[in-house]
Amino acid sequence: MLMKLAVFNTHSYDKAFFAEANGQFGLSISYFEPRLTSETAKLAENYPAVCAFVNDVIDREVIEQLAKGGTRLIALRSAGYNNVDMSAAKQYGITVANVPAYSPESVAEYTVGLMLTLNRKIHRAYNRVKENNFALNGFIGFDFHNCTVGVIGTGRIGTAVVKILNGMGCKILAHDIIENNTCIDLGVNYVGLSKLLAESDVITLHCPMTEDNYHIIDEQAINIMKERVMLINTSRGGLIDTEAVIEGLKSGKISNLGLDVYENEKPMLYDDHSNELLLDDVLGRLLTFPNVLITGHQGFFTKDALSSIANTTLFNAKCFYEGKASGNEL
């Protein structure tokens, strides 16, 4: 039987890593450049398996169309699945599988990179020197050694962040519904959320997006934080109430903000919009702050991670065709 897979939202790097990985799986892969939406779902007709990414729209309408076209597997090439209507998938008998782990170090290292860049103003120093300006005013940072970092969420990525920060000599507070023994062995102190917010010099988010933690960083949370706190989010944009954070920046309560995710990012992700007007006023306001660094959801973007994602995604698809569980079904 021909093992067909329709891959949506593809770029040249996706094709390269999928082609390399497919040597051991032997799937018949069709690549589609558009995102998976209600307008493009018809492209998946007669494909039992489709592959989607984090910014694809997999709502009830899309799932209905996929089901009518014969799709029975949605293979996500991501860990997150909050863009999928899981109840609709279950109703229509469509299996959803993800990539639960794909090099947590890639996101962890990127997270710490954002921290160091913001603290030492590396991005601004780079531009200043390009203009033959070697002045140091405005670039004073602080030592991470002995500072207190609050890590919200200590799964695979959060734990990888803890390991790096521990090596830098940070005092680490953590908050999670499940305490991680690896973190405890490294001397991490698990505390309530309010205590973490109140005592941390740097706060970094590493938890999945759920109904319970939507806007976990809101006006009330910011009011609890220490003065001049650094806030980092490389997890999910909806964890932060962006307008509340803007007020925190304006008041000086938040000294630095590093975002690799943004709650209204989906329409913009992974495409070039440089010739278009920026219609998102909230994002536009954020971009005016010199102490804000925003990147386009690229924390995962390493060769190691992309290779792991491609292999696991194709493994999930092959297991589906062979009628056995991959272990990554949601």
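What comes next concerns the included structure. (Residues numbered from 1 in each chain as written. Predicted model: local features only at pLDDT ≥ 70, side-chain atom pairs only at ≥ 80, totals over all residues. Heavy atoms only, no water.)

## Overview of the overall build of the chain
Okay, step 1: Along the backbone of the chain there are 12 helices and 12 strands.
Okay, step 2: Computed over its C-alpha atoms, the radius of gyration of the chain comes to 21 Å, within 12% of the 20 Å expected for a compact globule of 330 residues.
Okay, step 3: If you line up the chain on its principal axes, its C-alpha atoms span 65 × 50 × 35 Å.
Okay, step 4: Every one of the 330 residues in the chain was classed for burial, and the buried ones make up 50%.
Okay, step 5: Taking the average location of the 28 positive side-chain charges in the chain and that of its 38 negative ones, the two points are 3 Å from each other. (Helix = DSSP H or I, 4+ residues; strand = E, 2+ residues; numbered from the N terminus. Rg over C-alpha atoms; globule rule 2.2 N^0.38 Å. Buried < 20%, exposed > 50% of the residue type's maximum accessible area, 1.4 Å probe, protein only. Lys, Arg positive; Asp, Glu negative; His and termini not counted. Charge placed at Lys NZ, Arg CZ, Asp CG, Glu CD.)

## Some thoughts on helix H2 (residues 60-68)
Okay, step 1: Residues of H2 that are buried include every one of Val62, Ile63, Leu66 and Ala67, and no others. In a view along the axis of H2, the buried residues occupy a sector of 135 degrees, so they form one face of it.
Okay, step 2: Buried positions along H2 lie against strand S3 (49-52), strand S4 (73-76) and helix H3 (86-91).
Okay, step 3: Positive backbone phi, at 100 degrees, marks Gly70, one or two positions downstream of H2. (Arc of directions from axis to C-beta. Contact = heavy atoms within 4.5 Å.)

## Regarding the sheet that holds strand S9 (residues 202-205)
Okay, step 1: With parallel pairing, seven strands are arranged side by side in an open sheet as S8-S7-S6-S9-S10-S11-S12. Because the sheet does not close on itself, it has two edges, and the strands there are strand S8 (189-190) and strand S12 (292-294).
Okay, step 2: Strands in contact with helix H6 (residues 156-167) are strand S6 (148-152), strand S7 (171-175) and S9; relative to S6, the strand with the most contacts, it is inclined by about 170 degrees. (Pairing = 2+ DSSP bridges. Axes fitted to C-alpha atoms, helices over the stretch in contact; angles between N-to-C directions.)

## Here we look at the nonpolar core
Okay, step 1: By size, the foremost hydrophobic cluster in this structure holds 30 residues, and its most contacted members are Ile152, Ile203, Ile217, Leu231, Val245, Leu249 and Leu257.
Okay, step 2: The element that contributes the greatest number of residues to this core is helix H10 (residues 242-251), accounting for four residues.
Okay, step 3: Each residue touching Ile203, except ones within four places of it in the same chain, is listed here: Gly150, Ile152, Leu196, Leu197, Met225, Val229, Met230, Leu231 and Ile232.
Okay, step 4: Phe17, Ile29, Leu73 and Ala75 belong to the second largest nonpolar core, which has 29 residues in total. (Core = buried A, V, L, I, M, F, W, Y, C linked by side-chain atoms within 4.5 Å.)

## Notes on the packing of helix H4 (residues 104-120) against H6
Any two packed helices are characterised by how steeply their axes cross, that is the angle between the axes, and by the distance between the axes.
Okay, step 1: Contact geometry of H4 with H6 gives a least axis separation of 8 Å together with a crossing angle of 50 degrees. Viewed along their axes, H4 and H6 adopt a mutual orientation that is oblique. For the crossing formed where H4 meets H6, the hand is right-handed. Where H4 abuts H6, its residues Pro104, Glu105, Val107, Ala108, Glu109, Thr111, Val112 and Met115 lie against Arg156, Ile157, Ala160, Val161, Ile164 and Leu165.
Okay, step 2: When the residues that make up the contact of H4 with H6 are grouped by side-chain class, the tally is 10 nonpolar, one polar and three charged. (Parallel < 35°, antiparallel > 145°, perpendicular 65-115°, else oblique. Left-handed = near helix turned anticlockwise from the far one by under 90°. Nonpolar A, V, L, I, M, F, W, Y, C, P; charged D, E, K, R; others polar.)

## Observations regarding H6
Okay, step 1: With 12 residues, H6 extends 17 Å from end C-alpha to end C-alpha; this agrees with the ideal 16 Å at 1.5 Å per step.
Okay, step 2: Tucked into the core, H6 has its buried residues touching H4, S6, S7, helix H7 (181-185) and S9.
Okay, step 3: Directly beyond the C-terminal end of H6, a positive phi value near 85 degrees is found at Gly169. (Expected span 1.5 Å × (residues − 1).)

## Structural notes on the pairing of S4
Okay, step 1: Residues of S4 alternate between two faces, with Leu73 and Ala75 on one and Ile74 and Leu76 on the opposite face, all of them buried.
Okay, step 2: Two strands pair when backbone bridges link them, and S3 and S4 are joined in this way by four bridges, in the parallel orientation. The residue bridging Val50 from the neighbouring strand is Ile74, located in S4.
Okay, step 3: Looking at chain direction, S4 and strand S5 (residues 95-97) are connected through three bridges and run parallel. Bridge assignment links Ile74 to a residue of S5, and that residue is Val96.
Okay, step 4: With H3 bridging S4 and the parallel S5, this β-α-β connection has right-handed handedness. (Right-handed = clockwise from strand over helix to strand, strands pointing away.)

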